[in-house]
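Structural overview for review
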Amino acid sequence: MTKLNTSNSELDLDRPNIEDYLPSGCIQEPHGKLRLRDLLDISPTLTEAAGAIIDDSFTRCFKSIPPEPWNWNVYLFPLWCLGVVVRYLILFPLRVLVLTVGWIIFLSAYFPVHFLLKGHDKLRKNLERCLVELICSFFVASWTGVVKYHGPQPSRRPKQVFVANHTSMIDFIVLEQMTAFAVIMQKHPGWVGLLQSTILESVGCIWFNRSEAKDRETVARKLREHVLGADNNPLLIFPEGTCVNNHYTVMFKKGAFELGCTVCPIAIKYNKVFVDAFWNSRKQSFTMHLLQLMTSWAVVCDVWYLEPQNLKPGETPIEFAERVRDIISVRAGLKKVPWDGYLKYSRPSPKHRERKQQSFAESVLRGLEENEI
């Protein structure tokens, strides 16, 4: 019994004290009889919590929506089994062969160009640009990609930047097969990181690490330098900063909109009839994501190159970013939500939790004061 009392005392010490979150001197002893149900009346807080759970628009942005099952009876199930055999035993080996041939052609041409044309920079960059577009085309072919491009193809001009909504790393591949963009992207480990640090750097791509504050300063400096170069590849930025499930758009970071240059929006919309192209990097490696695409029937999407936009007089970079986000969301049929995509990688700040705790404590105090009256 003594041991049980001791453990209960230790638990009491761990519980937050409501008085710690209230201003000093505001607690008064009640004159009347205090009833337990008055003290424990937390219905407003429970209502707020239940509302957040029911209408969790933040979590919905980063979840795959499973397709409706259709192989639910004896007539359709054999067709589904036949489809599995075709996709995994016929299409998948053919797609692996296509991608392998693509890599053989690419590597046999890229390394001689990269190392033997050191003194002919302009010719070397043009050939490397064409080779990167070629290997991206082989990647799209390995998914049986059906991509429809709308609008004029991007061109190389100084003081312009392209921004697009972000669903997967394949967004870059889909856009790169038409135009050799220099992309701003998170540094990845493994074979993807090896490609980033070797081949993709030849087209001027810039890498960063979210956790490193110094990287942000370096990237901001490289962005300004890149947009001023007339011979540099067009700059592509995904201002959401993370992959979203192609149903929503989260807040755009303002970095691309405070460079003082023309912003060219690109809207990307995937057709989910055959496969969901959303990449949830926290649950799936990019290798497994590619295997999922290569074992599907096809990857179908539309790409719209939209009208270039400039900062209006009196408009802030944040307002400019929201205006461009509106244009992309409307064109791709995406729903806007007021969330920062970086919250996906971090926990709520202690200050935010303390404000909620203080708000709850003050509501309890008001209830006690009303009972006294």
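Just so we're clear, the structure is a prediction, and the values are computed from it rather than from any experiment.

1. Some words on the layout of surface pockets
Reported here for the second largest pocket is a volume of approximately 660 Å³. Lining the second largest pocket are 24 residues, and of these P67, W70, V273, F274 and W297 sit closest to its centre.

2. Comments concerning the packing of aromatic side chains
Aromatic rings in a pair are described by how distant their centres are and how their planes are angled relative to each other. Counted under the stated rule, the structure contains 12 aromatic pairs. Between Y110 and F111, the ring centres sit 5.6 Å apart and the planes meet at 80°, which makes this aromatic pair edge-to-face. Here the aromatic rings of W191 and F286 are separated by 6.1 Å at their centres, their planes lie at 35°, and the arrangement is tilted. Of the two residues, W191 is situated in helix α8 (residues 190-197) and F286 in helix α10 (residues 286-294); the sequence distance between them amounts to 95 residues. For W191, a relative accessible area of 36% translates into the label partly exposed. Clustering of aromatic rings is evident, with ring pairs tying together W103, F106, Y110, F111, F115 and F139.

3. A look at a nonpolar patch on the surface
Taken together, the side chains of V85, Y88, L89, I90, L94, L97, V101, I105 and L134 define a hydrophobic patch exposed on the protein surface, amounting to about 800 Å² of accessible area. Within the secondary structure, V101 sits in helix α5 (residues 77-116). Judged by its relative accessible area of 36%, V101 falls in the partly exposed class.

4. A look at the UniProt feature "transmembrane region" (unreviewed entry) in the protein chain
The UniProt entry lists residues 72-90, 96-117 and 129-149 under the feature "transmembrane region" (unreviewed entry), expressed in the numbering used here. Secondary structure within residues 72-90 divides into 74% helix and 0% strand; the distance between the first and last C-alpha atoms comes to 25 Å. Taken end to end, residues 96-117 is 95% helix and 0% strand, and its two terminal C-alpha atoms sit 31 Å from one another.

5. A few points about the nonpolar core
In terms of nonpolar packing, the biggest core is built from 49 residues, with W143, I170, L175, L236 and I266 touching the most fellow members. Mapped onto this core, the elements with two or more residues apiece are α5, α6 (121-142), β2 (160-164), α7 (170-176), β3 (182-186), β7 (262-271), α10 and β8 (299-305). No other element matches the seven residues that α6 contributes to this core. Of all hydrophobic cores here, the second largest spans 26 residues; its members include V161, V163, C261 and W304.

6. Quick notes on the sheet that holds β2
Read from one edge to the other, the open sheet built from seven strands follows the order β1-β8-β7-β2-β5-β3-β4, with strand pairing classed as mixed. In this open sheet, the two strands that pair with only one neighbour each are β1 (145-150) and β4 (206-208). Going from strand to strand, the sheet's axes swing by 20° on average, the running direction of each strand aside. Alignment of β2 against strand β5 (residues 235-237), held across three bridges, turns out to be parallel. Looking at the pairing, V163 lines up with I237 of β5. With respect to the sheet, helix α11 (residues 317-332) is in contact with β2, β7 and β8, its orientation differing from that of β7 by roughly 30°.

7. Digging into the pairing of β8
The element β8 is largely enclosed, with a buried count of six among its seven residues. Taken together, the six bridges between β1 and β8 define a ladder with parallel strand orientation. The residue of β8 that forms the bridge with V146 is V300.

8. Here we look at the state of the cysteines
Under the defined criterion, the tally for this structure stands at zero disulfides. Cysteine C261 is unpaired, with the sulfur of C264 as its nearest cysteine sulfur at 8.6 Å. Its relative accessible area of 8% is what places C261 among the buried residues.

Basis of the calculations
- Residues numbered from 1 in each chain as written.
- Predicted model: local features only at pLDDT ≥ 70, side-chain atom pairs only at ≥ 80, totals over all residues.
- Heavy atoms only, no water.
- 1 Å grid on protein atoms, 1.4 Å probe; cavity = no way out; pocket = protein on both sides within 12 Å on 5 of 7 lines; lining within 4 Å.
- Points joined across faces, edges and corners; volume = space filled by probe spheres on them.
- Phe/Tyr/Trp six-rings, centres within 6.5 Å; stacked < 30°, edge-to-face > 60°.
- Helix = DSSP H or I, 4+ residues; strand = E, 2+ residues; numbered from the N terminus.
- Buried < 20%, exposed > 50% of the residue type's maximum accessible area, 1.4 Å probe, protein only.
- Patch = residues over 30% accessible without salt bridge, like charges linked within 9 Å, V, L, I, M, F, W, Y side chains within 5 Å.
- Areas by Shrake-Rupley, 256 points an atom, 1.4 Å probe, with all protein chains shown as cover.
- Salt bridge = Lys/Arg side-chain N within 4 Å of Asp/Glu carboxyl O.
- UniProt positions renumbered as here; feature names shortened; annotations may be inferred.
- Core = buried A, V, L, I, M, F, W, Y, C linked by side-chain atoms within 4.5 Å.
- Pairing = 2+ DSSP bridges.
- Axes fitted to C-alpha atoms, helices over the stretch in contact; angles between N-to-C directions.
- Contact = heavy atoms within 4.5 Å.
- Disulfide = S-S within 2.5 Å.

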